Amino acid sequence: MPASSADPSIIRIAAALLIGADGHTLLVRKRGTRAFMQPGGKIEAGEQPVHALARELEEELGLRIDPAQARYLQQFSAPAANEPGHVVQAEVFLIRIDTPVTPAAEIEEVRWIDPAGDADLFLAPLTRDLILPFYRQSQATLA
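Quick caveat: nothing in here was measured; it's all calculated off a predicted structure.

(A) Here's a closer look at the packing of aromatic side chains. Applying the stated rule across the entire model yields two aromatic pairs. Seen from their ring centres, Tyr72 and Phe93 are 5.3 Å apart, and the 70 degrees between their planes marks the pair as edge-to-face. One end of the pair, Tyr72, is in strand E5 (residues 71-79); the other, Phe93, is in strand E6 (residues 87-96), and 21 residues separate them in sequence. Seen in terms of ring centroids, Phe76 and Phe134 are 5.4 Å apart; in terms of plane orientation they differ by 75 degrees. Their pairing is edge-to-face. Of this pair, Phe76 sits in strand E5 while Phe134 sits in helix H2 (residues 125-142), and the two are 58 residues apart along the sequence. For the residue pair Phe76 and Phe134, the accessibility class agrees, reading buried in each case.

Here it is, written out as C-alpha cells:
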C-alpha cells in the first residue's frame, strides 16, 4: 500500500475527464455543495482506480463504461473542494461518450462545458487548476 494512503488527510479518488462528441467535458455538482468537478469518487480498499471509476459513474450518472475504454492520463493532487484541510489525490482517466447522463445518488447537477473556459461556474481546485488546463494543453494529443 502506498505511504500516502495511510495519511487520513489524503482522499484517494478516481475521476473522469468525460468528453462528449462535441468536445465538451462533463462536470458534476454534489448535493449541498457549490463546486463543479469531474465525475468520479473514492477508491475503496483493494479496488483498482478504473473499477472505482466505473462503479461511481454508474452510481452517479447511470453511465456504464467498459474499463478497457478508459485511457489513464495521470495522477493529480489538489486541495479538496468539499473537505477543508484535505487533499484529493486523483487518478484521472479520459473517457469519450456519446450517450446521455442523468444525475443520481449525491449528484444534484451536471453541466457540459467547453473546456476552453469555465462557463462561469464555481470549480473545484482540481478541475480549475489542473484537469482543465491539462486538457487544454493536451487536446491535440488526446484526440
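(B) Quick look at the UniProt feature "domain: Nudix hydrolase" (unreviewed entry) in the protein. As annotated in UniProt, the feature "domain: Nudix hydrolase" (unreviewed entry) corresponds to residues 8-136 in the numbering used here. For residues 8-136, the end-to-end C-alpha separation is 32 Å, with 19% helix and 36% strand making up the annotated structure.

(C) Summary view of the pairing of E6. For E6, the tally of buried residues reaches eight of ten residues, placing the bulk of the element in the interior. By the bridge criterion, ten bridges tie strand E1 (residues 10-19) to E6 in an arrangement that is parallel. Each bridged residue has a counterpart across the sheet, and for Ala15 the counterpart in E6 is Val92. Here eight bridges tie E5 to E6, and the two strands are oriented antiparallel to one another. For Ala78, the partnering residue across the bridge sits in E6 and is Val88.

Thresholds, definitions, all that
- Residues numbered from 1 in each chain as written.
- Predicted model: local features only at pLDDT ≥ 70, side-chain atom pairs only at ≥ 80, totals over all residues.
- Heavy atoms only, no water.
- Phe/Tyr/Trp six-rings, centres within 6.5 Å; stacked < 30°, edge-to-face > 60°.
- Helix = DSSP H or I, 4+ residues; strand = E, 2+ residues; numbered from the N terminus.
- Buried < 20%, exposed > 50% of the residue type's maximum accessible area, 1.4 Å probe, protein only.
- UniProt positions renumbered as here; feature names shortened; annotations may be inferred.
- Pairing = 2+ DSSP bridges.

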